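Coordinates in review
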Protein chains: 4
Amino acid sequence: MKKIKIGSVGLGRLGLQHAENIATRVMNVELTALCDLNKNLLNETADRLGVEHRCNSFEEMIALEELDAICIVSPSGLHTAQISAALAAGKHVFSEKPLGVTVEECKEAEKAVESHPDKVFMLGFMRRFDPSYMYAHQKVASGEIGKPILFRSYSQDPEKFIDGAIAFAGHSGGQFLDMAVHDIDLARWFLNSEPESVTAMGGCYAHPEFGEFKDGDNVSCLMKFKNDAMVFLFAGRTAPHGYNVETEIIGTKGILRIASVPQKNLVEILDHSGVRKECSENFLERFESSYVNELQEFVDCILEERKPSVTVYDGTRVSEIAYKCKESFESGTQLRF
Amino acid sequence: MKKIKIGSVGLGRLGLQHAENIATRVMNVELTALCDLNKNLLNETADRLGVEHRCNSFEEMIALEELDAICIVSPSGLHTAQISAALAAGKHVFSEKPLGVTVEECKEAEKAVESHPDKVFMLGFMRRFDPSYMYAHQKVASGEIGKPILFRSYSQDPEKFIDGAIAFAGHSGGQFLDMAVHDIDLARWFLNSEPESVTAMGGCYAHPEFGEFKDGDNVSCLMKFKNDAMVFLFAGRTAPHGYNVETEIIGTKGILRIASVPQKNLVEILDHSGVRKECSENFLERFESSYVNELQEFVDCILEERKPSVTVYDGTRVSEIAYKCKESFESGTQLRF
Amino acid sequence: MKKIKIGSVGLGRLGLQHAENIATRVMNVELTALCDLNKNLLNETADRLGVEHRCNSFEEMIALEELDAICIVSPSGLHTAQISAALAAGKHVFSEKPLGVTVEECKEAEKAVESHPDKVFMLGFMRRFDPSYMYAHQKVASGEIGKPILFRSYSQDPEKFIDGAIAFAGHSGGQFLDMAVHDIDLARWFLNSEPESVTAMGGCYAHPEFGEFKDGDNVSCLMKFKNDAMVFLFAGRTAPHGYNVETEIIGTKGILRIASVPQKNLVEILDHSGVRKECSENFLERFESSYVNELQEFVDCILEERKPSVTVYDGTRVSEIAYKCKESFESGTQLRF
Amino acid sequence: MKKIKIGSVGLGRLGLQHAENIATRVMNVELTALCDLNKNLLNETADRLGVEHRCNSFEEMIALEELDAICIVSPSGLHTAQISAALAAGKHVFSEKPLGVTVEECKEAEKAVESHPDKVFMLGFMRRFDPSYMYAHQKVASGEIGKPILFRSYSQDPEKFIDGAIAFAGHSGGQFLDMAVHDIDLARWFLNSEPESVTAMGGCYAHPEFGEFKDGDNVSCLMKFKNDAMVFLFAGRTAPHGYNVETEIIGTKGILRIASVPQKNLVEILDHSGVRKECSENFLERFESSYVNELQEFVDCILEERKPSVTVYDGTRVSEIAYKCKESFESGTQLRF
């Protein structure tokens, strides 16, 4: 079977994970090129993973004729331009979220994707590729829990990563754009509907530093969706127990909870503190297989000439909703869509 | 030790439970009189529990000189008048929630209580006397989880009781007044603060009948409290699995969850449906010991000449908040307090 | 309704609990007399619980004509003699386990009980009166889990009580007689059958002191019962997490687990150590309601003139089996019954 | 990096899984040859996985010069001979358990391995490569739970596979050799010690068919190990809830439980049957990643010229112990090692 040749840009924590996954865990694919400004890291990673081309610029990488596809894991501010450039260079594109850092950028990305209808474009909403979320989605889609009443989703980062989060606070776009986007995507995916209204709130409960950026360390919002479902989202930076992403969907005939205990593995410990489960430390640990699965889906789409279920419009829509949440949070008022 | 003599009015499901508890499980107390319009039930219950006086009217009961205290478990519409009358007759009063069916009635009850400063008055917010809630409250009060960020509380009645709920829908005051009041009380108790704003919503997801009364079968609200804490409440009538009252308090240093699995007991069953726990069927099963504990506290307050921690003002405040929730639900808008 | 008048002997930890339960939580009963060698404790307890007669000797107490029944919570070595004396004095008798400290004593107790067929005699196997065990027993008895294959039961005392256990090691009879008897009783009750063979073992894993008494700090045994069921019991003194009594019954159609997490209450804590439940501290906390329920059953049997399901023969049989376990443990060989 | 070329024999359920893993999930390896008697299956699988050589006989496959290693997933009776032949042909060998169907065969395999000290030989005890078991093992090895007291391990196959198990009963060697071997291996691995005595038992609780082969559908054994630890193993064919492999290690300072709920994924379902988790269906689902990890370890050992931690002697020892269990089961007596 033909192997798709991929070049990947960005070697931050997630970038490294994607590179490793492409090189060793995703099938029918070859990691043919890597691009990063940090030359040492670039060479070291390329050596370790047996990657042929090491590029110092994105332009250099997309100019490589043999590449079929580009994986974008660069800083958010570069996504839109790189998506457009890669598509223009005739490559299939997988991009990490967000599509763009403004809604205008998202629209620009939409146009780029629309101009290349023969190319596969996919956005990295990895939770949709987590085995537990997939299992739950199937149950909801098949009507097993009846009509959805309440969708509740949490994204909590561990307190121990707070310094990085504070340092990054001016660039993240805030909790709704940086964290809650995944929950917003899940809500739309599970409910197959769009929001009508939102009331957002939050505050700096432990770290006043976020206040400088009109952000909070913990925020939440309550939305009403067009299909009448209620959606409650919570995003926080101060989780004491670990990385916690959990979701509950209450339906008229059944209720599903995904990862209500964010357990690290199947080991239960009985000691002086009681009976306990240790928790996942970060998104890479929790969503290890999701990151492999989403790239596999991207590769399979290319090979089978079909389009992924996550579209460019999902990226725009999620950004629009996150911006509305942010606006409601900042104004302290309920807003309509 | 002196035994407090109590007369109890109302022999519905909860009234019967209170009567049994007073007669057999609460210490230092005697169930001396019972009052109900249903003579057969009255006699049968009095016989079974060895109760001396059987009263056909409330007036008759409060006129009994030997009674120290009255327990009010009559229909909600009668509470305020009976509280006033019993206090006027020189009795200590324990009343089931609500204090009154309007805020005006609550204020009236406040005045009655204020006019009898030597009498013990207590309102039946039984959750405050549940061992697990008490344990969690102590941890929160002692600062163990740091500053509260999010308070989330659910009250879900099993779908199997839906016919009764529909029949009662015109008299219940709606989900916020009938069910969410307990969660509102818990929020105020745990957070030691009051709400500033509320956005409520909901709908008739399974049972359009509630729509006739401008109510929903499932509702929720998001409030901001004056101490900055966020409060998300959910109340529903269609729980597929049983009676589910659960609460989560997310703090800056720890998180507590109370009854996130509403388990019936400590038995776990492994069968064709997987590994499961059966759930509590109703409030009497779930809060069995709370109902005993709250009456014990009432009796102890009388004997020790002190006042209960639940005051008449809690009753008014909870009603005011529930009415504001209802107003937000009906108008579809965010409201300030 | 007539109230049964009870006198209770022994004011150790469990004795105090029984006294309080009789005085305040068991219905249709009065705690009329108390007996203990410690006069201060006796008077203090009698004052607190409003008990009329304070007896310095057991003989004095059973001579009280007004007493209907005696509750025996004295040191194990006195049980048999006190059972016989109380029955001879015309009293109904509730006795804590064991029936006697030797099988001969048990047989003596049997004779005493047989000589007073009109009296109610009951032995304190409180686990049979725990709501979860009762619920599970009903499921097993009704055939819900099919034919029993494996019965597994643990009795673990917290390490923090080890000093008391060591001090008491010479008098306890060893782990099988002191702790595993409850599991042996449960196995017979759930399986409705008797053992055929046993292989016992164990050791001093943390506390060599038990070796002086030919005992271990942790022991186990595997038995085959006559109905073909396998029975695995484990008893230990070094539980790091709390008081742990758990049971599993594997049947051909279903499996039940009782208290596989010995949770203190319904509070779940999420903190630096993960997601955890705190555990019961001791038998009084875990079996709080069982101790009330068993005495209620005793009183109800007297009032309703029927015999308890726990008989004197259960006491003898359990002792015989525990002695056989001890013998197998000491010899290191498999034994037949 | 050099890629190891592997040929795999046997395309049963596990054989297919190994073939897929080698072809698509294990790094630095190529599935170069496949061997099976079923030509259709062989061709279909080879086509699907892009395998070059399709062999109709094992001899044909090991004669392929380019192959570095052989993976043996053939029927148990062929293992020893194939191990010897493959090593003699100069190949590294990964073999599924058992090493041989008799202890003599195991000794023969030992000699073959000893005769080729430059070759990597590894036996498929996949549980040692499960992330949860590895995590627990590290904790035990580092002394985190103190001295091991009791090691308890269950292997339960779902009742729904019973027809296959009955059909295979005459060839499986019985429950101890077919199922409990994995638990025996775990016990030795966790305790780093060997058994001294064993008492085994069991019966045909639901399926008398196993009786014809002197086997039971559910069996157990209690062993004492040389380090004083107690070991209780249970193996059954009638699990109502799914595939259940769980282990508990009780130490003097802590207790670990691995997979005490054999959950399929992180989804919790609240419905009419309570709150439940669905269970793993079979060993392939439960140990999905273990099967990849063990082959990765095999490949890494070849590339890094080191020996796996699982040795040929583990295979012999486990078989010896399983045979002793079987002997105790058949004779109904305790045996020494």
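Remember, it's a predicted structure, so these values are computed and weren't measured experimentally. Every chain is numbered on its own, with residues counted from 1 as its sequence reads. Throughout, the order in which chains and ligands are written sets their labels, letters from A for the former and numbers from 1 for the latter. Selection of residues for local features in this predicted model requires a pLDDT of at least 70, selection of side-chain atom pairs for listing and counting requires 80 or more, and totals for whole chains, interfaces and linings are taken over all residues. Side-chain measures were taken over the full set of non-hydrogen atoms in the model, leaving aside hydrogen atoms and water.

**Quick word on the interface of chain C and chain A**
Whether two residues touch is decided by their heavy atoms; if any such pair falls within 4.5 Å, the residues are in contact. Contacts between the two partners involve 16 residues from chain C and, on the opposite side, 16 residues from chain A. Between chain C and chain A the total buried area reaches about 1100 Å² when both faces are included, carbon and sulfur atoms providing 63% of it. In short, buried area is how much 1.4 Å probe accessible area vanishes from two parts on joining, totalled over both. When the buried area of chain C at its contact with chain A is split by residue, His241, Leu270 and Val275 of chain C rank highest and sum to 39% of it. Salt bridges are defined as contacts in which a side-chain nitrogen from Lys or Arg sits within 4 Å of a carboxyl oxygen from Asp or Glu. For the pair chain C and chain A, the interface holds zero salt bridges. Each polar contact in these results corresponds to two N or O atoms within 3.5 Å; when the atoms are within protein, one needs to be able to donate a hydrogen and the other to accept it, and residues that are neighboring in sequence are counted only if both atoms are side-chain atoms. Scanning the region where chain C abuts chain A turns up four residue pairs in polar contact (both at pLDDT 80 or more). Those elements that place two or more of their residues in the side of chain C that touches chain A are strand 13 (267–271) and strand 14 (274–277) of chain C. Note on conventions: DSSP H or I runs of at least 4 residues are helices, E runs of at least 2 residues are strands, and numbering of each starts at the N terminus. Counting residues per element, the side of chain C that touches chain A draws most heavily on strand 14 of chain C, which supplies four residues. Here the term charged refers only to Asp, Glu, Lys and Arg, the term nonpolar to Ala, Val, Leu, Ile, Met, Phe, Trp, Tyr, Cys and Pro, and the term polar to all other amino acids, Gly among them. Residue composition of the side of chain C that touches chain A, by class: six nonpolar, five polar and five charged. Two elements, strand 14 (residues 274–277) of chain A and strand 14 of chain C, share three bridges in a ladder whose sense is antiparallel. Looking at the pairing, lysine 277 of chain A lines up with valine 275 of chain C of strand 14 of chain C. Strands pair, by our definition, only if DSSP identifies at least two bridges between them.

**Quick notes on unusual backbone geometry**
Backbone geometry follows two general trends: most residues other than glycine have a negative phi, and most peptide bonds adopt the trans configuration. Cis geometry marks the peptide bond from lysine 97 of chain B to proline 98 of chain B; its omega dihedral reads 0°. Structurally, proline 98 of chain B is set in the loop between strand 5 (92–96) and helix 5 (103–114). The phi angle at asparagine 192 of chain B is positive, at roughly 50°, despite the residue not being glycine. Positive phi outside glycine occurs at aspartate 228 of chain D, with the angle close to 85°. For aspartate 228 of chain D, the position within the fold is in the loop between strand 9 (218–225) and strand 10 (230–239). Assessed through its relative accessible area of 29%, aspartate 228 of chain D is described here as partly exposed. Exposure is judged per residue with a 1.4 Å probe applied to protein chains only, and the accessible area is read against the type maximum: over 50% gives exposed, under 20% gives buried, and values in between give partly exposed.

**Some words on the sheet that holds strand 4 (residues 69–72) of chain A**
By way of backbone hydrogen bonds, the strands of a sheet pair with one another, either parallel or antiparallel. Residue and element names in this part refer to chain A. The parallel open sheet is built from six strands, whose spatial order is 3-2-1-4-5-6. With partners counted over all chains shown, the strands left at the sheet margins are strand 3 (53–55) and strand 6 (121–123), one partner each. Between one strand axis and the next, the sheet turns through 20° on average, direction left out of account. The sheet contact formed by strand 1 (residues 4–9) and strand 2 (residues 29–35) spans six bridges and is parallel. Note that in strand 2 the partner of valine 9 across the bridge is cysteine 35. Lines fitted to C-alpha atoms define the axes, with helix axes restricted to the stretch in contact, and inter-axis angles between N-to-C directions lie between 0 and 180 degrees. The strands touched by helix 10 (residues 288–304) are strand 1, strand 2, strand 4, strand 5 (92–95) and strand 6; relative to strand 5, the strand with the most contacts, the crossing angle is about 165°.

**What to know about the side chain of glutamate 110 of chain B**
Residue and element names in this part refer to chain B. Inspection of the secondary structure puts glutamate 110 in helix 5. The charge count treats Lys and Arg as positive and Asp and Glu as negative. His and the chain ends do not count. No salt bridge is formed by the buried glutamate 110, whose closest oppositely charged neighbour, lysine 107, lies at an N-O distance of 4.8 Å. Sequence-distant contacts of glutamate 110, that is, excluding residues within four places in its chain, are made with Val312, Tyr313 and Thr316.

**Here's the deal with the interface of chain B and chain A**
Chain B puts 43 residues into the contact, and the matching count from chain A is 43 residues. Both sides of the chain B and chain A interface together cover about 3200 Å² of buried area, and 62% of this is carbon and sulfur. The largest share of the area that chain B buries against chain A comes from Met201, Tyr205 and Leu222 of chain B, three residues that together contribute 21% of it. In this structure, the connection of chain B to chain A is made through two salt bridges. In this structure, arginine 257 of chain A and glutamate 246 of chain B form a salt bridge, with 2.5 Å as the shortest nitrogen-oxygen distance. Scanning the region where chain B abuts chain A turns up 16 residue pairs in polar contact (both at pLDDT 80 or more). If you list the elements that add at least two residues to the side of chain B that touches chain A, you get strand 7 (148–158), strand 8 (195–203), strand 9 (218–225), strand 10 (230–239), strand 11 (244–251) and strand 12 (255–258) of chain B. The residue makeup of the side of chain B that touches chain A, split by class, is 18 nonpolar, 16 polar and nine charged.

**So, the domain arrangement of chain A**
All names here are of chain A. Considered domain by domain, chain A is made up of domain 1 (4–119) and domain 2 (128–285 + 318–336). One C-alpha centre belongs to domain 1, the other to domain 2; they are set 27 Å apart. Every contact between the two is made by ten residues of domain 1 and, on the other side, ten residues of domain 2. Of the roughly 810 Å² buried between domain 1 and domain 2, counting both surfaces, carbon and sulfur atoms make up 60%. Taken as a group, Arg13, Lys97 and Val103 account for 59% of the area that domain 1 buries against domain 2, more than any other trio of residues on that side. Throughout, the edges of the domains are those of an automatic or database domain assignment.

**Structural notes on helix 6 (residues 131–141) of chain B**
Among all positions of helix 6 of chain B, only Ser132, Tyr133, Ala136, His137, Lys139 and Val140 of chain B are buried. Within helix 6 of chain B, the buried residues cover an arc of 160° as seen down the axis, which keeps them to one side. Along helix 6 of chain B, the residues that are exposed and aim more than 90 degrees away from the buried face are Gln138 and Ala141 of chain B. Packed against the buried residues of helix 6 of chain B are helix 8 (175–191), strand 11, strand 12 and helix 9 (283–286) of chain B together with strand 13 of chain C. Positive backbone phi, at 85°, marks glycine 143 of chain B, one or two positions downstream of helix 6 of chain B. As used here, the arc is the angular range of directions from the helix axis to the C-beta atoms.

**Details of the pairing of strand 7 (residues 148–158) of chain D**
Residues and elements named next belong to chain D. Extensive coverage of strand 7 is indicated by the burial of eleven of its eleven residues. Both strand 7 and strand 10 contribute to a ladder of eight bridges, which runs parallel. What sits directly across from leucine 150, in strand 10, is methionine 230.

**Describing the relation of the copies chain C and chain A**
Residues reaching a pLDDT of at least 70 in both copies supply the C-alpha atoms on which the copies are superposed by least squares. Once chain C has been moved 0.0 Å along the axis and rotated by 180°, it coincides with chain A to within an RMSD of 0.0 Å. Taken together, the rotation and translation relating the two chain copies correspond to the operation of a two-fold axis. In terms of C-alpha distance to the rotation axis, chain C has arginine 276 of chain C as its closest residue, with the C-alpha 2.0 Å off the axis. In this assembly, 100% of the residues forming the interface of chain C have copies in chain A that are likewise at the interface, indicating an isologous arrangement.

**Thoughts on helix 11 (residues 312–331) of chain B**
All names here are of chain B. A helix is expected to reach a length of 1.5 Å times the quantity of its residues less one. The terminal C-alpha atoms of helix 11 lie 29 Å apart, and with 20 residues this matches the ideal 28 Å at 1.5 Å per residue to within 8%. Residues of helix 11 that are buried in the fold lie against helix 5, strand 6 (121–124), helix 8, strand 8, strand 9 and strand 15 (335–336). The N-capping residue of helix 11, defined by a side-chain oxygen 3.2 Å from the backbone nitrogen of tyrosine 313, is threonine 311. Of the residues one or two after helix 11, glycine 332 is the one with positive phi, at around 70°.

**Remarks on the pattern of salt bridges**
Using the criterion set out here, one finds 128 salt bridges over all chains in the structure. One salt bridge connects aspartate 314 of chain A with arginine 128 of chain A, and the closest N-O pair in it is separated by 3.7 Å. Within this pair, whereas aspartate 314 of chain A is found in helix 11 (residues 312–331), its partner arginine 128 of chain A is found in the loop between strand 6 and helix 6 (131–141), the two being separated by 186 residues in sequence. Pair check on accessibility: aspartate 314 of chain A and arginine 128 of chain A agree, each one buried. For arginine 257 of chain D, the salt bridge is made with glutamate 248 of chain D, and the minimal N-O distance between the two is 2.9 Å. On the basis of relative accessibility, which here comes to 4%, the residue arginine 257 of chain D falls in the buried class. Each member of the salt-bridge network shares a partner with another, and the members are Lys107, Arg128, Asp185, Arg188, Glu194, Asp314, Arg317 and Glu320 of chain A.

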